[in-house]
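# Secondary and tertiary structure notes
The chain contents come next:
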Amino acid sequence: MTEATTHPVTLPLTRVHPFDPPEDLALWREEDPIRPLAYPDGHQGWLVTGYAAARAILADPRFSTRIDLLHTPIAQRDAQFRSTVRRPGFFLRMDPPDHTRYRRLLTGQFTVRRMKQLEPRIEEITRDHLDAMERAGGPIDLVRAFALPIPSLVICELLGVPYDDREKFQRDSSVLLSLDSTLEQVEAAMQDLLDYLGDLVRHKRAEPEDDLVSGLAADTDLTDEELTGITTLLLIAGHETTANMLGLGTYALLRNPAQLAAVRDDPEVVEHAVEELLRYLTVVHIGPVRAALEDVEIDGRLIRAGETVTISVAAANRDPERFSEPDQLDVARPASGHLTFGHGIHQCLGQQLARTEMRIAYPALLRRFPGLRLAVPAEEVPMRTDMVVYGVHRLPVTW
Amino acid sequence: MRIIADTGRCIGAGMCVLALGEVFDQSEDDGTVVLLDAEPPASMAGAVRRAVQLCPSGALSIAETSGGDQDAAGGVKGNGD
């Protein structure tokens with residue numbers, strides 16, 4: 001064993017460069033891709049930074065995603081962790097067979113074909129927001145004008161949540177995903193969202209419409225509580241993630257003009273570009289986190305039953321053993337196989353929706369405003385190191 | 001080669017369809033994998049392997065059928081077309 005070189009470390013969040021994971025992660029990946037990690041509550045667990053080990057663990061049923069078995073690697077995230085313990089319908093935090101039962105009810109709604117059918121509507125929504133930007137004129141905050149509202153409106157229409165109520169759920173969602181929120185704030189935001197969506201679920205049962213929640217209410221035996229949990233999960237997941245990819249992705253392209261030009265001018269490159277931006281930026285910058293259900297040996301490391309493993313997909317996506325020149329943004333490379341949507345049975349349910357939104361939104365934005373540029377010095381763009389999902393808080397742009 | 005799909009393990013992520021829509025599809029009901037061509041031609045072998053490799057849940061595997069009608073790993077027969 002190589003214990004001498006691998007003293008426990010704590011998980012870093014501070015970045016030197018806004019697009020690169022914290023520097024220590026690259027160093028540790030080289031030294032020891034599975035190394036001891038000291039958790040804030042005193043637990044001695046693990047940190048995985050290598051691609052092969054990360055992928056293996058995410059696919060391994062001997063690792064659980066149950067919140068009650070996990071230790072959080074980030075002290076500030078304790079509130080989020082505790083607030084989602086065993087809520088009905090929150091299948092992200094369940095193991096099979098519970099997870100399987102819920103996920104199976106939803107997968108038919110998020111197929112590649114279904115997402116393809118949404119394309120005309122997503123194009124229309126994108127066009128509307130670009131028109132509004134053009135009318136308003138720059139400088140403008142791209143997050144508020146484009147990156148957040150497009151995925152937010154899309155997921156609302158898909159689920160059947162009134163978009164007019166967005167201030168409420170966008171605010172709750174942002175409290176839930178802030179590392180600075182206290183447990184009380186998180187509990188209050190969660191309750192507020194559950195009350196709101198609980199009412200919506202009962203309404204959809206009484207007066208069904210043509211949307212996902214009405215469909216689930218009519219065609220499944222889900223209880224109101226379960227359906228409310230599922231809707232909450234999908235609503236949060238559906239707009240925060242893509243929103244941050246659109247904001248941070250545009251920022252990354254603005255800092256790499258040749259790459260930006262390729263995405264703007266070459267339709268052939270867009271598919272690869274989306275995968276590459278997902279890989280390079282990895283907005284899921286903490287975790288995912290798993291707990292060993294039994295003793296597991298991986299690459300000569302013995303992970304004992306009960307130990308928590310934090311899998312830095314951000315570091316794994318920069319592993320030179322998997323991606324050549326991993327620290328370069330290269331929108332023409334085939335970057336599929338990245339772990340940004342996870343791997344294993346919990347791999348992102350909405351990933352094909354996210355891809356569809358990004359494939360439409362990036363080139364549409366860049367073509368509408370060929371002169372798009374930052375309206376502030378780059379160092380003044382506020383980065384989301386304080387949020388569960390990484391990205392930019394604001395992106396002031398003009399054209 | 002012959003593709004084996006375990007719909008019980010499939011989580012409907014759609015990675016195989018995204019990678020190779022000529023060979024893989026998803027069920028309208030629950031999004032699980034549907035094989036459009038369980039024995040794709042040898043010319044597609046590389047693309048099939050990449051698609052299988054992308055599967056997040058381990059629902060896809062390949063039984064190699066070398067040349068004619070020989071038994072392959074797992075004893076699955078195929079015509080190697």
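Check the secondary structure of chain B and you find two helices and four strands. What you see in chain B, going N to C, is helices and strands ordered as β-α-β-β-α-β. Across the 81 residues that make up chain B, the buried fraction comes to 35%. Taking the contacts inside chain B whose residues are at least 6 apart along the sequence as the reference set, 52% of them involve residues at least 24 apart.

Across its full length, chain A carries 15 helices and ten strands. For 399 residues, the compact-globule formula gives about 21 Å, and the C-alpha radius of gyration of chain A, at 21 Å, lands near that figure. Taken over the C-alpha atoms alone, chain A extends approximately 65 × 55 × 40 Å along its principal axes. Burial analysis of chain A (399 residues in total) assigns 49% to the buried set.

A separate point is the confidence of the model for chain B. Residue and element names in this part refer to chain B. Looking at chain B as a whole, the pLDDT averages 83, with 80% of positions reaching at least 70. Contacts for the low-pLDDT stretch residues 68-81, under 50 throughout, to residues beyond four places or in other chains number 27 contacts. Here the complex is predicted with pTM 0.92, and the ipTM for its interfaces comes to 0.86.

So, on to the packing of helix α9 (residues 183-206) of chain A against helix α11 (residues 224-254) of chain A. Residue and element names in this part refer to chain A. Axis separation between α9 and α11 bottoms out at 9 Å; the angle between their running directions is 120 degrees. In terms of axis orientation, α9 runs oblique to α11. Relative to α11, α9 is oriented so that their crossing is right-handed. Of the residues in α11, those in contact with L193, L194, L197, G198, V201 and R202 of α9 are D224, L227, T228, T231 and T232. For the contact of α9 with α11, the per-class residue count stands at five nonpolar, four polar and two charged.

Bringing helix α2 (residues 51-58) of chain A into the picture now. Of all eight residues that make up α2 of chain A, six are buried, and the element is covered over most of its length. Residues Y51, A53, A54, R55, I57 and L58 of chain A constitute the buried set of α2 of chain A.

Here we come to the packing of α11 of chain A against helix α13 (residues 270-281) of chain A. Residues and elements named next belong to chain A. Interhelical geometry of α11 versus α13 gives an angle of 95 degrees and a closest axis separation of 10 Å. When the interaxial angle is binned, α11 and α13 end up roughly perpendicular. From α11, M245, L248, G249 and A252 reach across to α13, where they touch L277, L278 and L281. Its residues assigned to classes, the contact of α11 with α13 comprises six nonpolar, one polar and no charged.

Our focus in this paragraph is α9 of chain A. With 24 residues, α9 of chain A should reach 34 Å at 1.5 Å per residue; the first-to-last C-alpha distance of 34 Å fits that figure. Within α9 of chain A, burial applies to V186, A189, M190, L193, Y196, L197, L200, V201 and K204 of chain A.

This paragraph deals with the sheet that holds strand β3 (residues 63-64) of chain A. Residues and elements named next belong to chain A. Reading across the sheet, the five strands line up as β1-β2-β8-β5-β3 and stay open at both edges, with mixed pairing between neighbours. Either end of the sheet is taken by a strand with one partner, and the two such strands are β1 (34-38) and β3. Sheet topology places β3 next to strand β5 (residues 289-292); two bridges connect them, and they run antiparallel. Counted as the bridge partner of S64 is A291 from β5. Sheet contacts for α2: β1, β2 (44-48), β3, β5 and β8 (308-311); angle to β8, the most-contacted strand, approximately 125 degrees.

Each partner contributes to the interface: chain A provides 17 residues, whereas chain B provides 17 residues. Counting only elements with at least two residues in the side of chain A that touches chain B, the list comes to α4 (98-107), α5 (112-136) and α15 (351-368) of chain A. Tallying contributions element by element places α4 of chain A first for the side of chain A that touches chain B, with three residues. Of the residues contributing to the side of chain A that touches chain B, the split by class is four nonpolar, ten polar and three charged.

Looking now at the nonpolar core. Counting residues in hydrophobic clusters, the biggest one holds 131 residues, and the most contacted among them are V48, A54, I57, L159 and M245 of chain A together with C16 of chain B. Sorting elements by how many residues they give to this core places α11 of chain A first, with 13 residues.

Let us now look at the sheet that holds strand β4 (residues 140-141) of chain A. All names here are of chain A. Taking strand neighbours across the sheet as the criterion, the three strands line up as β4-β10-β9 in an open arrangement whose pairing is antiparallel. Each edge of the open sheet carries a strand with a single partner, namely β4 and β9 (373-374). Sheet analysis places β9 next to strand β10 (residues 396-398), joined by two bridges and oriented antiparallel. Across the sheet, the residue bridging to R373 is T398, located in β10.

On to unusual backbone geometry. Residues and elements named next belong to chain A. Here the residue pair G138 and P139 is connected by a cis peptide bond, since its omega of -5 degrees sits within 30 degrees of zero. Following the sequence through the fold, P139 ends up in the loop between α5 and β4. In this chain, G287 is followed by P288 through a cis amide linkage whose omega measures 10 degrees. The backbone phi angle of T282 is positive, close to 30 degrees, even though this residue is not glycine. Here T282 is to be found in the loop between α13 and β5. Residue class for T282 comes out buried when judged on the 23 C-beta atoms lying within 10 Å of it. Even without a glycine there, the phi angle at D299 is positive, about 50 degrees. Among the structural elements, D299 can be located in the loop between β6 (296-298) and β7 (301-303).

Right, let's get into the environment of V154 of chain A. Residues and elements named next belong to chain A. By secondary structure assignment, the location of V154 is in helix α7 (residues 149-159). Measuring from C-alpha to C-alpha, the distance between V154 and V9 comes to 41 Å, with 145 residues separating the pair along the chain. Apart from the residues lying within four places of it in its own chain, the contact partners of V154 are I122, I125 and E357.

Time to look at the environment of V186 of chain A. Residues and elements named next belong to chain A. Along the chain, the position of V186 falls in helix α9. Residue classification places V186 among the buried positions, given that 23 C-beta atoms sit within 10 Å. For the pair V186 and L372, spaced 186 residues apart in the sequence, the C-alpha separation amounts to 37 Å.

The rules we used
- Sequence order as written defines the numbering, with residues in each chain counted from 1.
- Naming scheme: in the order in which they are written, chains are lettered from A and ligands are numbered from 1.
- Local features are withheld for residues below a pLDDT of 70 in this predicted model, meaning they are given only at 70 or higher, and side-chain atom pairs are given and counted only at 80 or more; totals for whole chains, interfaces and linings count all residues.
- Only DSSP runs of H or I covering at least 4 residues are called helices, and only runs of E covering at least 2 are called strands; the numbering of each starts at the N terminus.
- In this scheme every C-beta is placed from the backbone, and a residue whose C-beta has 20 or more other C-beta atoms within 10 Å is buried, one with 12 or fewer is exposed, and one in between is partly exposed.
- Contact between two residues is assigned when their C-beta atoms, built from the backbone, lie within 7 Å.
- Within these notes, the globule rule equals 2.2 Å times the number of residues to the 0.38 power, and the radius of gyration is based on C-alpha atoms.
- Each residue gets a pLDDT score, which is the predictor's confidence in that residue and runs from 0 to 100.
- In this analysis, axes come from line fits to C-alpha atoms, helices being fitted only over the stretch in contact, and the angle between any two N-to-C directions falls in the range 0 to 180 degrees.
- Orientation categories follow fixed angle ranges, with anything under 35 degrees roughly parallel, anything over 145 roughly antiparallel, 65 to 115 roughly perpendicular, and all other angles oblique.
- Note on convention: near helix rotated counterclockwise from far helix by under a right angle means a left-handed crossing. Clockwise means right-handed.
- Side-chain classes are defined by residue name, with Ala, Val, Leu, Ile, Met, Phe, Trp, Tyr, Cys and Pro counting as nonpolar, Asp, Glu, Lys and Arg as charged, and the others, Gly among them, as polar.
- Expected helix span is computed as 1.5 Å times (number of residues minus one).
- When DSSP locates at least two bridges between a pair of strands, those strands are taken to pair.
- We call a set of buried Ala, Val, Leu, Ile, Met, Phe, Trp, Tyr and Cys residues a nonpolar core when their C-beta atoms link them within 7 Å.

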